[in-house]
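Next come the chains, spelled out residue by residue.
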Amino acid sequence: MPQDQWQATEEALTEADLVVVVGTSGVVQPAASLPFVASSLGTPVVEINPVASELTPFMDVSISAGAAEALPDLVALASSR
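Quantities reported herein were computed from a predicted structural model and do not represent experimental measurements.

A. Structural detail: the overall build of the protein. A count of helical and extended segments in the protein gives three helices and three strands. Along the chain direction, N to C, the helices and strands of the protein fall in the order α-β-α-β-β-α. Relative to its length of 81 residues, the protein is compact, with a C-alpha radius of gyration of 13 Å against a globular reference of 12 Å. Counting only C-alpha atoms, the protein reaches 35 × 30 × 20 Å along its principal axes. A total of 81 residues make up the protein; the buried ones form 25% of that total. In the protein, the share of contacts with a sequence separation of at least 24, taken over all contacts with a separation of at least 6, comes to 52%. Just so you have it, the protein exposes about 5200 Å², and 57% of that area is on carbon and sulfur atoms.

B. Up close: the sheet that holds strand β2 (residues 45–48). The parallel open sheet is built from three strands, whose spatial order is β1-β2-β3. In this open sheet, the two strands that pair with only one neighbour each are β1 (19–22) and β3 (61–63). Strand after strand, the sheet turns through a mean of 20° between neighbouring axes, direction not considered. In this sheet, β3 lies alongside β2 in parallel orientation, the contact comprising three bridges. Along β3, the bridge assignment pairs Val46 with Val61.

C. Seen up close, the nonpolar core. Trp6, Leu13, Val19, Val21, Leu34, Ala38, Val45, Leu55 and Met59 together form the largest nonpolar core, which totals nine residues. For this core, the secondary-structure elements that each account for two or more residues are α1 (3–15), β1 and α2 (34–40). Non-local contacts of Leu55, meaning those with residues more than four positions away in its chain, are made with Val21, Thr24, Gly26, Ala32, Pro35, Phe36 and Glu47.

D. Broad picture of the UniProt feature "domain: Deacetylase sirtuin-type" (unreviewed entry) in the protein. Taking the numbering used here, the UniProt-annotated feature "domain: Deacetylase sirtuin-type" (unreviewed entry) corresponds to residues 1–81. Taken end to end, residues 1–81 is 41% helix and 14% strand, and its first and last C-alpha atoms sit 35 Å apart.

E. Main features of the packing of aromatic side chains. For the structure on display, the rule yields one aromatic pair. Ring geometry for Phe36 and Phe58: centres 5.3 Å apart, planes at 70°, overall edge-to-face. You can see Phe36 sitting in helix α2 and its partner Phe58 sitting in the loop between β2 and β3, a full 22 residues away along the chain. Overall, Phe36 belongs to the partly exposed group, its relative accessible area being 36%.

F. Fine view of the side chain of Asn49. Mapped onto the secondary structure, Asn49 falls in the loop between β2 and β3. Judged by relative accessible area, which is 7%, Asn49 ranks as buried.

The rules we used
- Numbers given for residues are sequential positions, taken from 1 along each chain in its written order.
- Only residues with pLDDT of at least 70 are given local features in this predicted model, and only at 80 or more are side-chain atom pairs given and counted; all residues enter the totals for whole chains, interfaces and linings.
- Hydrogen atoms and water are omitted, and side-chain values are computed over all heavy atoms in the structure.
- A run of H or I in DSSP becomes a helix once it reaches four residues, and a run of E becomes a strand once it reaches two; helices and strands are each numbered from the N terminus.
- For the radius of gyration, the atom set is restricted to C-alpha positions; the globular benchmark scales as 2.2 Å times the number of residues to the power 0.38.
- Each residue's exposure class comes from its accessible area (1.4 Å probe, protein chains only) as a fraction of the maximum for that residue type: buried when under 20%, exposed when over 50%, partly exposed otherwise.
- Every residue pair with non-hydrogen atoms within 4.5 Å of one another is taken to be in contact.
- Methods summary: accessible areas were calculated by the Shrake-Rupley approach with a probe of 1.4 Å, and residue burial reflects only the protein chains presented.
- When DSSP finds two or more bridges between two strands, those strands count as paired.
- Angles shown run from 0 to 180 degrees and are taken between the N-to-C directions of axes, each axis being a line fitted to C-alpha atoms and, for helices, limited to the stretch in contact.
- Throughout, nonpolar core names a set of buried Ala, Val, Leu, Ile, Met, Phe, Trp, Tyr and Cys residues whose side chains join them through atoms within 4.5 Å.
- UniProt positions are given in the numbering used here, feature names are shortened, and annotations may be inferred rather than shown by experiment.
- Pairing of aromatic side chains requires ring centres within 6.5 Å, counting the rings of Phe and Tyr and the six-membered ring of Trp. Pairs whose planes differ by under 30 degrees are stacked, by over 60 edge-to-face, and all others tilted.

Encoded structure:
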C-alpha cells in the first residue's frame with residue numbers, strides 16, 4: 001500500500017467510532033494489523049466473515065455471515081439509533 005494511503009487510513013482510524021472488517025483471512029500484512037490499531041485506540045472492531053479468520057479471537061464482535069447478508073442488517077441497526 002502506498003505510504004500516503006496508509007497514513008490516511010491510520011488517521012481515519014483515530015476518528016472512527018467503529019471499525020468493520022469484512023471478509024478477510026486476517027493474514028495479509030500490513031492490512032491485517034489495522035484492526036489492532038483501531039483496538040489500541042479503544043475503537044470497537046466488528047468482523048463480518050462467513051468463516052473464522054486469524055482476527056476472530058481478537059474482535060469485539062464477530063458475525064459469522066457473508067457480507068451480503070450481514071451488512072444490510074448492520075446498516076439498518078446503525079440507522080435506527
